[in-house]
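# Structural overview for review
Listed below are the residues making up each chain.
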Amino acid sequence: MGSLMNNSQKHADISPEVLQSLLSTKEIGRPTIIYNEVSSTNTLGFEEAQRQASHGTVILADCQTAGKGRQGRFWHSPAGKNLYFSIVLTQPAYQAHASWLPLVTGIALAETLELISGLSISLKWPNDIIIRDKKLAGILCEARQNGDGAWAAVVGVGINIHNNQGDFPEELQGTATSLRLESHRQYDRLPLLAAFLKNVETYYERLSSANVDAIRAEYMKRCITLRRSIEIQLHSGNRVEGVAVDIGNDGELRIIPSESHGNQTIMAIRSGDVIHARKPSQLIKKATISD
Ligand code: BTN
């Protein structure tokens with residue numbers, strides 16, 4: 001199935017025909033439903049899942065009025081500049097590896113952006129796409145059981161492509177960036193989307209065939225949170241300080257909390273907001289724990 005356009009089209013560079021000609025995936029992005037403006041592509045993704053959308057359906061919007069970020073934050077989504085889309089995953093095989101979806105999507109996105117821009121891109125746990133210490137893109141994975149008991153995950157991706165510094169809200173001015181700001185050039189949005197969908201499909205196939213060990217190793221190579229002194233804001237509102245030492249079998253971040261005072265008790269963090277220590281001296285040379 002191809003790409004469909006909903007509501008009137010304003011931006012010629014995100015036409016369904018162009019996407020159709022660029023897509024080389026088997027399932028992901030087939031179909032892609034393209035909107036001019038939506039509240040949140042993740043919200044629409046769950047509505048599509050409820051309507052028995054096919055596995056891999058993508059919702060793409062030129063702008064969002066209520067874009068959702070991690071930890072209940074707002075994702076600023078102006079028109080005509082960036083990419084905002086969500087992938088609907090409904091195959092039961094993915095449920096068993098759901099905790100890896102955010103991380104694996106992060107690897108695929110970092111890899112694709114690196115290839116297209118030539119820039120060096122890293123991951124901050126779990127899946128912030130980072131370039132020169134600033135955030136370039138974000139991923140919001142949500143999973144639910146529908147009324148009929150069927151499981152669905154919606155993987156939402158926001159990539160800052162053409163934002164200028166002034167396009168970001170004031171509170172993000174020092175911490176957010178875009179591909180244009182970093183590389184001083186323009187990008188076509190759909191070739192970038194098509195390349196990412198192809199790459200992420202390959203990673204999802206590897207994940208669903210339970211190839212988690214290799215994926216974990218790849219993630220660890222790209223993750224700049226490891227071996228650092230960090231502070232984590234937990235979902236509960238509590239904060240924990242420590243050193244990030246490992247990624248666990250379910251993608252959780254394993255840290256040695258500062259207050260463990262040398263007894264090396266490991267704490268597993270499954271959800272939270274990581275703040276990296278800024279000073280290089282707080283980068284730990286070698287993980288001190290293996291188990
Ligand atoms: C983060 O906070 O890092 C995650 C940001 C995710 C934003 C994307 S934009 C497309 C999709 N729809 C949403 O409402 N959010 C995600």
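The structure we're discussing is the one just above.
First, a word on what this report is: a plain description of the structure on this page. Chains are numbered independently. Their residues run from 1 in the order of the written sequence. Thresholds applied to this predicted model are a pLDDT of at least 70 for local features of residues and 80 or more for the giving and counting of side-chain atom pairs; totals over whole chains, interfaces and linings are not thresholded and use all residues. Hydrogens and water are ignored here; the side-chain numbers use all heavy atoms of the structure.

Quick look at the packing of aromatic side chains now. Here the aromatic set is Phe, Tyr and Trp, taking the six-membered ring for Trp, and pairing holds for ring centres within 6.5 Å; pairs whose planes are under 30 degrees apart are stacked, those over 60 apart are edge-to-face, and all others are tilted. Enumeration according to the criterion identifies 2 aromatic pairs in this entry. Ring geometry for phenylalanine 85 against phenylalanine 196: centres 5.7 Å apart, planes inclined by 55°, an arrangement best described as tilted. On the criterion of sequence distance, the pair formed by phenylalanine 85 in strand β4 (residues 83-89) and phenylalanine 196 in helix α5 (residues 189-208) is long-range, its members being 111 residues apart. Of the two residues, phenylalanine 85 and phenylalanine 196, neither departs from the other in class, the shared state being buried. For the ring pair tyrosine 94 and tyrosine 204, a centre distance of 5.9 Å and an interplane angle of 80° mean the geometry is edge-to-face. Going along the chain from the N terminus, every DSSP run of H or I of four or more residues is numbered as a helix, and every run of E of two or more is numbered as a strand. Here's how the labels work: a residue is buried when its accessible area is under 20% of the maximum for its type, exposed when over 50%, partly exposed in between, all with a 1.4 Å probe on protein chains only.

Time to look at helix α3 (residues 101-117). An α-helical turn contains 3.6 residues, so a residue and the one three or four places further along point in the same direction. For α3, built from 17 residues, the straight-helix expectation of 24 Å at 1.5 Å per residue is met to within 8% by its first-to-last C-alpha distance of 24 Å. Counted residue by residue, α3 has 13 buried out of 17 residues, so it is predominantly covered. Glycine 118 sits one or two positions beyond α3 and adopts a positive phi of about 75°. In a helix, the anticipated span is given by 1.5 Å times the number of residues less one.

Salt bridges, as used here, are contacts in which a Lys or Arg side-chain nitrogen is within 4 Å of a carboxyl oxygen on Asp or Glu. This structure, assessed with the given rule, holds 16 salt bridges. Members of the salt-bridge network, linked through shared partners, are Arg70, Arg73 and Asp273.

Look at the link from arginine 30 to proline 31: it is a cis peptide, with omega at 5°. In this structure, proline 31 sits in the loop between α1 (16-22) and β2 (32-38). Notably, glutamine 52 is not glycine yet its phi reads approximately 60°, a positive angle. Note on placement: glutamine 52 falls in the loop between α2 (41-50) and β3 (58-64). Backbone geometry at arginine 132 places phi at a positive 45°, although glycine is not the residue there. With respect to the helices, strands and loops of the structure, arginine 132 is situated in the loop between β6 (128-131) and β7 (134-145). Classification of arginine 132 as exposed rests on a relative accessible area of 68%.

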